[in-house]
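Summary of structural features
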Amino acid sequence: MGQKVSPIGFRLGYNREHESIWYSDDKFADNLKEDELVRGYLAKRIGQAGLSRVYIERTASKVTVTICASRPGIVIGRKGSEVEKLKAELQRITGKDVHINVREVKKPEIDAQLVGDNIAAQIERRISYKRAAKKAIQTAMRLGADGIKIRIAGRLNGSDIARGETYGEGRVPLHTLRADVDFAYSRASTQYGVIGIKTWICKGEKFSLKSNNS
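About the criteria used
Residues numbered from 1 in each chain as written. Predicted model: local features only at pLDDT ≥ 70, side-chain atom pairs only at ≥ 80, totals over all residues. Heavy atoms only, no water. Domains from an automatic or database assignment. Contact = heavy atoms within 4.5 Å. Buried area = accessible area lost by both parts, 1.4 Å probe. Salt bridge = Lys/Arg side-chain N within 4 Å of Asp/Glu carboxyl O. Polar contact = N/O pair within 3.5 Å; in protein donor to acceptor, adjacent residues only side chain to side chain. Disulfide = S-S within 2.5 Å. Buried < 20%, exposed > 50% of the residue type's maximum accessible area, 1.4 Å probe, protein only. Helix = DSSP H or I, 4+ residues; strand = E, 2+ residues; numbered from the N terminus. Pairing = 2+ DSSP bridges. Axes fitted to C-alpha atoms, helices over the stretch in contact; angles between N-to-C directions.

So, on to the domain arrangement of the chain. Per the domain assignment, the segments making up the chain are domain 1 (19-104) and domain 2 (108-205). On a C-alpha basis, the centres of domain 1 and domain 2 stand 26 Å from each other. Each partner contributes residues to the interface: domain 1 has five residues there, and domain 2 has six residues. Roughly 350 Å² is buried in total at the junction of domain 1 and domain 2, and carbon and sulfur atoms are behind 48% of that figure. Area buried by domain 1 at its contact with domain 2 is led by Ser52, Arg53 and Ser70, which between them contribute 78% of it. Taken together, the connections running from domain 1 to domain 2 amount to two salt bridges. Residue Arg53 pairs with Asp182 through a salt bridge whose shortest N-O separation is 3.1 Å. Along the contact surface separating domain 1 from domain 2 lie two residue pairs in polar contact (both at pLDDT 80 or more).

Structure representation (structure tokens):
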């Protein structure tokens with residue numbers, strides 16, 4: 001039996017930061033549920049903006065939400081109108097004062113979440129999963145990734161028996177802590193069922209947060 005470890009959880013505190021930054025003794029479950037609600041709502045509300053990840057930082061009375069997206073203009077809107085709407089909606093969900101920061105993802109072609117979501121969107125449009133995966137690999141390698149691995153599993157091409165296929169190029173050293181490995185899971189909903197896409201992208205070496213700060 002394989003023992004799988006998430007590349008993100010494995011590197012937390014070493015060369016990767018937590019996506020939820022807060023501490024709570026008595027309201028841990030409530031805050032965790034609220035984080036899931038906020039992330040799920042943003043994925044539906046601004047999914048077309050190329051949403052990569054959402055950082056949530058809490059203090060006693062304020063919640064700071066940092067949205068990383070490849071198309072920040074869609075999140076901000078004309079003269080910041082969309083951000084203000086989003087802020088009001090998140091305040092209704094959390095019941096607290098919400099502050100929103102928007103960060104641009106400079107290279108969406110080597111962001112694991114965006115690559116996986118792009119392949120999922122192509123599969124939903126009935127484009128060949130092999131073609132979509134191979135194109136994503138070529139683009140990532142051309143833009144400076146050390147390595148990329150993509151695993152697609154489910155009823156591929158509508159086959160009766162589900163199977164998984166893996167494509168890759170370059171090096172993705174999962175056991176090496178200093179390797180900056182980005183990982184994401186995406187889902188494509190087809191008429192035959194759900195197809196899962198796992199994406200690993202190695203962006204070189206990144207040493208510990210402590211040594212970077214010192």
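Following the structure, the description resumes.
Turning our attention to the state of the cysteines. Applying the stated rule across the entire model yields zero disulfides. The thiol of Cys68 is not disulfide-bonded; the next cysteine sulfur, from Cys202, is found 20 Å away. Given a relative accessible area of 7%, Cys68 falls into the buried group.

Taking burial as the measure, the eight residues of strand β3 (residues 62-69) include seven buried ones, the bulk of the element. Pairing of strand β2 (residues 51-58) with β3 involves seven bridges; the strand directions are antiparallel. If you follow Arg53 over to β3, its bridge partner there is Cys68. Between the antiparallel neighbours β2 and β3 lie three residues. As defined by bridge partners, β3 adjoins strand β4 (residues 97-104) across eight bridges and the pair is classed as parallel. When the bridges of β4 are listed, Ala69 appears paired with Glu104.

The pairing of strands in a sheet comes from backbone hydrogen bonds and takes either a parallel or an antiparallel form. Taken in spatial order, the four strands line up as β1-β2-β3-β4 in an open sheet, and their pairing is mixed. On the outer flanks of this sheet lie β1 (20-21) and β4, each paired with one strand and no other. Taken strand by strand, helix α4 (residues 81-94) contacts β3 and β4, and its axis lies near 135° from that of β4.

Our next topic: the pairing of strand β7 (residues 179-190). In this sheet, strand β8 (residues 193-205) lies alongside β7 in antiparallel orientation, the contact comprising 11 bridges. The residue of β8 that forms the bridge with Tyr185 is Lys198. Taking the residues that link successive antiparallel strands as the turn, the β7-β8 hairpin has two residues.

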